[in-house]
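Structural features, examined
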Amino acid sequence: MATKSYKKILLVESDPGNRAVLSRVLDFDYRMIEAANIKAAKAQLERYKEEISLILINLLIPQKEDGFAFISLCKENDETKKIPLMVLSDALEEMDLSEAFLLGASDIIQRPLQAEILRKRVDNLVDLKEINELASEVECDRLTGLYNKDYFYKSVTSYLRGNHGRKFDVICCDIENIRLINEFFGVLVADMLMRHVAKVFSTHFSKLSLAGRVYGDVFSTLVPRSKEYDDGFFAEALEEMKSFDIDFIISVKFGVYHVDDISESVSVMCDKAHEAASSIKRRYGVNFAIFQPESRSIMQTKQYVVNNLRAAIEKRQITVFFQPKYEADSEKMVGAEAFARWIISADETIPPNIFINILERNGLVALLDLYMWEETCRLMKYWIDKGYQLVPISLNLARCDIYYPNLVDTILEIVDRYKIPHHLLHVEVKETAYCDDTWYLAGILKRLREEGFAIEIDDFGTGYSSMTMLASLPVDVLKIDLSFTQNADNPKVRSIINFILVMGKMMNLTVVAEGVETYEQMELFKGNAHTQVQGFLFSHPMPSYQFIKLVRDSQKKEETKA
């Protein structure tokens, strides 16, 4: 590290007396380059920009608007934006202080000045600049030019410790569909997009020159706390990110985490910001989210689910419910979908959206799904032995299930042990699962289809891979997501539904409409061969004993008609 006497500070201060005081405080360690006004400051900055280690500016010279403009000029110029900038203030309002931070000020110190504190904070900023310059050479991510994960964590930790008492946030940026771009356009184009988004992200949000690539397509930065997190805060950056020249919809989500405890690890801070961004994935028109701390009850529920899953399976606290499917024209029952319900006692249950989400996040959902196959086949075996005629049952396959060792062999062992005809079981996969590892999943589904299982795509129309997926993967059934059914009064949504129905007919696929709750919705699907409906208009998910009674009653009704 260079001797401090060779480092230069640009001091922008109109009052000669103030300049003299500041020079006496700092001149022992630094060479002071003085400017009495903004015009002189610009000239000095242009002359010494490669040597200046810090800019020290009084925002009240002669008008604060000129000072704000100068800060913006420094931070928008690629040659000067990495120079730390400290603002001196006599009586700036809180709004002005926030504006200075948002424009890119690294620190603000208010009078009356304490010489020792001023020197220490100046030293911290100058040292950070040198650390940043060193990191640019040896600690940066090669693809994007941002800090690599480890160095970013270290730099943010150091900065937070040196600025105790100030409020900061971590902002995370996540490219939602980078895997599809990689698959469709190739690695080179995906890498170019990553560099583009990283540059825009750093330019717009990295006012402290602290931005890093923390995951594959996820970037984070530390920013001074803002009270103005809204769509407008992210709009300009988002628009610029989406300007990348590619014939594809670029989706970027932002997450914000309020740093209230600097002793917390930076990796956890980034994880929480990323969790906020992930919470709005595939939500059209929602571009950012702020991390919300969980309540104690939610944390206890998570712990209970993870700790008690295996015991619940052994005790059969998790039971199978069934929701029937009906032919749209005849309203004849033609199938059903199996759902998991966790019933602890007569008075206590865990909602499925909660425990399934927890299991997916903890990588335990495969245990649940295989248990559901086991229990469903056990019930079906019992009904077959009773001589009942059954309708096909759909069972879920989660995206992380596909990595379960010997998944197909495990499913076959369960089904064949209970001697269930394969055509009575459908494998249901959410469309979004196809976005992760298309070719690996394709191999699993093709083998299952060869064994006689029908393949269903759930939530069709909500992902990004619909057309490509239909062309490359084995598909028998499309399930229209309930968000389309329940918004069918919108002409555009109705057009999408009609398009899916026509496409299904042309491709000889069965189409199932989820979430049918009214007769008006039901009418949309009549008159289309191989179209089925499922929803509360006909039935909620029900216990097995109610379901099999409904199956038998339905069959008796059909026999009476015949």
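This text gives an overview of the structure that appears in the document. This structure is a prediction, so every number in the text was calculated from the model and none was measured. (Residues numbered from 1 in each chain as written. Predicted model: local features only at pLDDT ≥ 70, side-chain atom pairs only at ≥ 80, totals over all residues. Heavy atoms only, no water.)

Some details on unusual backbone geometry
Basically, it comes down to this: Helix and strand definitions here come from DSSP, where helices need a minimum of 4 consecutive H or I residues and strands a minimum of 2 consecutive E residues; each element is numbered from the N-terminal end. Relative accessibility thresholds used throughout: buried, under 20% of the residue-type maximum; exposed, over 50%; partly exposed, between the two (1.4 Å probe, protein chains only).
Of note in the backbone geometry, Arg316 takes a positive phi value of approximately 55° without being a glycine. Within the secondary structure layout, Arg316 lies in the loop between α11 (296-314) and β11 (318-327). Positive phi outside glycine occurs at Glu331, with the angle close to 60°. Tracing the backbone shows Glu331 in the loop between β11 and β12 (333-345). Of the residues examined, Glu331 reaches a relative accessible area of 37% and is grouped as partly exposed.

A short note on the sheet that holds strand β6 (residues 168-175)
Rules: A pair of strands counts as paired when DSSP detects no fewer than two bridges linking them. In this analysis an axis means a line fitted to C-alpha atoms, helices contributing only their contacting stretch, and an angle means the value between N-to-C directions, from 0 to 180 degrees. Only heavy atoms matter for contacts: two residues are in contact if any of them lie within 4.5 Å across the pair.
Taken in spatial order, the five strands make up an open sheet running β7-β8-β6-β9-β10, and their pairing is mixed. Sheet topology places β7 (211-213) and β10 (288-290) at the edges, where each strand pairs with a single neighbour. The sheet shows a mean angle of 20° between the axes of neighbouring strands, direction not considered. Along the sheet face, helix α6 (residues 149-162) touches β6, β7, β8 (218-224) and β9 (252-259) and points at about 10° away from the line of β8. Its contacts with the sheet put helix α9 (residues 231-241) on β6, β9 and β10, and the angle it makes with β9 is roughly 140°.

Quick word on the packing of aromatic side chains
Here is the rule we go by: Side-chain rings of Phe, Tyr and Trp, where Trp is taken by its six-membered ring, are said to pair if the distance between their centres is within 6.5 Å; with planes under 30 degrees apart they count as stacked, over 60 as edge-to-face, and otherwise as tilted.
Tallying each qualifying case throughout the model produces 21 aromatic pairs. Seen in terms of ring centroids, Phe205 and Phe233 are 5.9 Å apart; in terms of plane orientation they differ by 20°. Their pairing is stacked. In this pair, Phe205 sits in helix α8 (residues 187-205) while Phe233 sits in helix α9, placing the two residues 28 residues apart along the sequence. Assessed through its relative accessible area of 23%, Phe233 is described here as partly exposed. Here the aromatic residues Phe201, Phe205, Phe219, Tyr229, Phe233, Phe234, Phe254 and Phe288 are joined through ring pairs into a cluster of three or more.

Considering the packing of helix α13 (residues 365-385) against helix α14 (residues 407-417)
The criterion, for reference: Here is the rule for angles: anything less than 35 degrees is roughly parallel, anything more than 145 is roughly antiparallel, 65 through 115 is roughly perpendicular, and the remaining ranges are oblique. Left-handed describes a crossing in which the near helix is turned anticlockwise from the far one by less than a right angle; the clockwise case is right-handed. Note on residue categories: nonpolar means Ala, Val, Leu, Ile, Met, Phe, Trp, Tyr, Cys or Pro, charged means Asp, Glu, Lys or Arg, and polar means any other residue, Gly included.
Two numbers describe how α13 lies on α14: the axes approach to 9 Å, and their chain directions differ by 20°. In this view, α13 runs roughly parallel relative to α14, as classed from their interaxial angle. Of the two possible hands of crossing, α13 and α14 adopt the one that is right-handed. Contact with α13, carried on its side by Leu370, Trp373, Glu374 and Cys377, involves Leu407, Thr410, Ile411, Ile414, Val415 and Arg417 of α14 and no other residues of that element. Here the contact of α13 with α14 is built from residues that sort into seven nonpolar, one polar and two charged.

Describing α8
Note the following rule: Under the convention used throughout, the expected extent of a helix is 1.5 Å for every residue step, that is, one less than its residue count. Arc, as used here, means the arc of the directions from the helix axis to the C-beta atoms.
In this model, α8 (19 residues) spans 26 Å end to end at C-alpha, consistent with the 27 Å of a helix rising 1.5 Å per residue. Within the span of α8, buried status applies to Ala190, Leu193, Met194, Val197, Ala198, Val200, Phe201, His204 and Phe205. For α8, the angular spread of the buried residues around the axis is 165°, confining them to a single face. In α8, the exposed positions angled more than 90 degrees off the buried face are occupied by Leu188 and Lys199.

Section: the environment of Tyr371
Its place among the elements puts Tyr371 in helix α13. As for Tyr371 and Ala340, which are separated by 31 residues in sequence, their C-alpha atoms are 9.6 Å apart. Beyond its immediate sequence surroundings of up to four residues, Tyr371 is in contact with Ile313, Arg316 and Ile318.

Some details on the side chain of Gln323
As a reminder, the rule being used: The definition of a polar contact used here is a pair of N or O atoms within 3.5 Å, where within protein one atom must be able to donate a hydrogen and the other to accept one, and adjacent residues in sequence count solely through side-chain atom pairs.
Within the fold, Gln323 resides in strand β11. Within the structure, Gln323 has its side chain in polar contact with the backbone oxygen of Ser539 (distance 2.9 Å).

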